[in-house]
Amino acid sequence: MTGHHSVEKIGGTSMAATATLFDNVLIAGRSGADLYNRIFVVSAYAGITNLLLEDKKTGQPGVYGRFVADDEGADGWRDAMAAVRRAMHDRNAAMFARADSRAQADAFVDERLGAVTACLDDLARLRSHGRFCVKEQLDTARELLAGLGEAHSAHSTALLLRDRDVKALFVDLTAWDQDDLRTLDQRIEEAFAAIDLSATLPIVTGYAGCRGGMVRRFSRGYTEMTFSRIAVLTGAREAIIHKEFHLSSADPKLVGADRARKIGRTNYDVADQLANLGMEAIHPGAGRGLRQTDIPLRVRNTFDREDPGTVVSGKYVSDVPRVEIVTGIPQMQALQFFEQDMVGVKGYDAAILDALTRHGLWIVSKSSNANTITHYLSAGAGAVKAVIADLQEQYPDAAISAQSVAMVSVIGSDISRPGLVPDALRALDAAGVDMIAMQHQIRNVDVQFIVASRDFDPAVRALHQALVEEEGRVKEGRCAA
C-alpha cells in the first residue's frame, strides 16, 4: 500500500458538524470508486473528551478528575459518567435518521461505558483499602476513558456512512478489552494488514491502546500521533487535517476576518514553531514522522469545501522573505535567575532545567547573559512559584523571580527581509506597546517579542498590520505595476 491513498484526520469541532462533514469531506459529491483510497482518523465529538477527562481550557474535572478527587463512597464520578452517557446518546439522536442504526449506536455506547464503569468500580473498592497504591491503575483508567470518545465517534461515523451505502469499516485501535498492549506501530500494522483501501473506507479511532499509553506520552495530541503513524506506515501520498478554520496569518477574531489571510504554503519548521506556542497546527511528534518520510501535510477548513487549504512540506521556503503568521501566548511566566557569581561557572543552567523538568513545565523560550538566565514558560504563577522555592533552597544567594508576560511571535519559512525588526519595533511603538524583551534567531524563522499581558492583543494587531497586511499591499502594488 503505497502512494495511492490519503490519510485524513477530522478534529472534534468538525466531527460535531455532522451534516457539513458529510457534505464537504466524507462524501463531498463523490460516488463509486472515488469514495475510497482514503483513511479517516477521527477525534471525539467536541466536548466529549472534556467530559471524560477534564476540560482542556478550564480544567473543570470530568469522569477521571472526579474519580481521582472523590473521597471514599462519593458518587461524583458516577454522576459524571452518567453525563457522558447522556451526551453520547444526545449526539446519536441528533445524527441518526434510521431508528435501528441509532439503537445500534446507543447499544455500542452503553456497552463501552458499562465496561469502563465496572473497572472504575473495582478500582474504587481497591483504593478504599489504605494499603493499596493505585497510581499505575489510575493511569490505565485515564487511558481507557480517553479511548471512549474516539470509539463512539468512529463507530457512529461508520454506521452513518453505511446508511448511505458506503462500504465503511469501523477500525477500533483502542484495545479496550485486550491485555497484550503492543506498540503503536504494531497495532496499526495489524489493523491494516487485510484492508483493501480501493474498496473500503476505514474510519479509525484517534486513540490507540498501546505500550506506554497514548495520553501519558502525547497528552491530548494523541489523535494526531495516530494519524501521523498511519500515514507513515501505510505510505500515504498525502496527510490531511480537517479543522474548523483555515491556517491563517493571525487569529481572525483578533485581527478581523477581512484582514487575516490563509497561508497557502509553508514548511514543517513553521509548524514546529506553532506547536511550541501551543497552537493547534500539528503535534510536533506527528509532524516529525511526516517530515522524515516526505509526506506533505494539508490543513483544510471543513466549512470551506472548495478551498484546497494550506500545504505544509519539508522543503518549501517562501520565494520572497515574508512573515506568514503573527501569533503567540497571551499569558505566560518569565522566570529570571540572577546570580552575580555565575560568570564562568557551569551547572546553573542544568540545575534550572532539572527543576523545570521535575515540575513538568513547558519551556517556550530562554535567554541568558553573563549572570542571568531567563526562561519563558507556558505555566501558571503557582507552578512557577514551586520551582522558585526549589531553586532558592539550592541557591540561597541567587535572586530568583517571576513575572507575568505575553509573547507575540512573527513566524515564516524565511523572514530574512531587511528592516523587519525595525519595522516591527516602530509598529509596536505606534500602538503604544512597550517591548520588555526580544529574541531573533539566526535561522530567520521567528522573532519573539515579550510584552505585558495586557498588550498582547494590540501587539498582535500592530505587527500583523505592519508585517503582513502592509507587505501584502506592497506586493500587490508591484504585481499591478
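This text follows the structure it describes.
So, here is what we can say about the structure in this document. (Residues numbered from 1 in each chain as written. Predicted model: local features only at pLDDT ≥ 70, side-chain atom pairs only at ≥ 80, totals over all residues. Heavy atoms only, no water.)

**Remarks on the overall build of the protein**
Here is step 1 of the chain: Looking only at helices and strands, the protein has 17 helices and 14 strands in total.
Here is step 2 of the chain: In terms of C-alpha radius of gyration, the protein reaches 24 Å, essentially the compact-globule figure of 23 Å for 481 residues.
Here is step 3 of the chain: Here the C-alpha coordinates of the protein stretch approximately 70 × 70 × 35 Å along the principal axes.
Here is step 4 of the chain: Residues classed as buried in the protein amount to 53% of the 481 residues present.
Here is step 5 of the chain: Taking all contacts inside the protein whose residues are at least 6 apart in sequence as the whole, residues at least 24 apart take part in 75%. (Helix = DSSP H or I, 4+ residues; strand = E, 2+ residues; numbered from the N terminus. Rg over C-alpha atoms; globule rule 2.2 N^0.38 Å. Buried < 20%, exposed > 50% of the residue type's maximum accessible area, 1.4 Å probe, protein only. Contact = heavy atoms within 4.5 Å.)

**Brief notes about the pattern of salt bridges**
Here is step 1 of the chain: Under the defined criterion, the tally for this structure stands at 22 salt bridges.
Here is step 2 of the chain: Note that Asp-121 and Arg-78 form a salt bridge whose closest N and O atoms lie 2.5 Å from each other. Here the residue Asp-121 occupies a position in helix α6 (residues 99-127), and Arg-78 occupies one in helix α5 (residues 76-95), the gap between them amounting to 43 residues.
Here is step 3 of the chain: The partly exposed category is assigned to Arg-78, whose relative accessible area is 33%.
Here is step 4 of the chain: The structure contains a network of salt bridges with shared partners spanning Glu-54, Arg-142 and Arg-220. (Salt bridge = Lys/Arg side-chain N within 4 Å of Asp/Glu carboxyl O.)

**Observations regarding the nonpolar core**
Here is step 1 of the chain: Counting residues in hydrophobic clusters, the biggest one holds 102 residues, and the most contacted among them are Leu-145, Leu-290 and Leu-297.
Here is step 2 of the chain: For this core, the element with the highest residue contribution is helix α7 (residues 135-163), accounting for eleven residues.
Here is step 3 of the chain: Setting aside its immediate chain neighbours within four residues, Leu-145 contacts Leu-52, Leu-53, Val-63, Tyr-64, Met-81, Val-116 and Leu-120.
Here is step 4 of the chain: With 24 residues, the next largest nonpolar core counts Leu-254, Ala-260, Val-323 and Val-421 among its residues. (Core = buried A, V, L, I, M, F, W, Y, C linked by side-chain atoms within 4.5 Å.)

**What about the sheet that holds strand β8 (residues 310-313)?**
Here is step 1 of the chain: The mixed open sheet is built from eight strands, whose spatial order is β3-β4-β2-β1-β5-β7-β8-β6. Every interior strand has two partners, whereas the edge strands, β3 (168-171) and β6 (265-267), have only one. On average, each strand axis in the sheet is tilted by 20° relative to the strand beside it, whichever way the strands run.
Here is step 2 of the chain: Direction of pairing for β3 relative to strand β4 (residues 201-205): parallel, over a ladder of four bridges. Residue Leu-169 lies in a different strand from β4, and its bridge partner there is Pro-202.
Here is step 3 of the chain: This element, helix α2 (residues 18-26), spans β1 (6-10), β2 (38-42) and β5 (238-243) of the sheet and lies at about 150° to β2.
Here is step 4 of the chain: Where helix α10 (residues 222-233) meets the sheet, its contacts fall on β1, β2, β4, β5 and β7 (297-301), and the angle it forms with β1 comes to roughly 175°. (Pairing = 2+ DSSP bridges. Axes fitted to C-alpha atoms, helices over the stretch in contact; angles between N-to-C directions.)

**Remarks on the side chain of His-152**
Here is step 1 of the chain: Tracing the backbone through its elements, the reader meets His-152 in helix α7.
Here is step 2 of the chain: His-152 sits in the buried class, given a relative accessible area of 2%.
Here is step 3 of the chain: With sequence-adjacent residues up to four places away left out, His-152 is seen in contact with Tyr-45, Met-88, Arg-91, Asn-92, Phe-108 and Val-109.

**Description of empty space enclosed by the protein**
To locate leftover empty space, one rolls a probe as large as a water molecule over the atoms.
Here is step 1 of the chain: All told, the structure shown has one cavity of 30 Å³ or more when counted by the stated rule.
Here is step 2 of the chain: Estimated volume of the largest cavity: approximately 40 Å³.
Here is step 3 of the chain: If you list the elements that add at least two residues to the lining of the largest cavity, you get α6 and α7.
Here is step 4 of the chain: Here the element with the most residues in the lining of the largest cavity is α6; it accounts for four residues. (1 Å grid on protein atoms, 1.4 Å probe; cavity = no way out; pocket = protein on both sides within 12 Å on 5 of 7 lines; lining within 4 Å. Points joined across faces, edges and corners; volume = space filled by probe spheres on them.)

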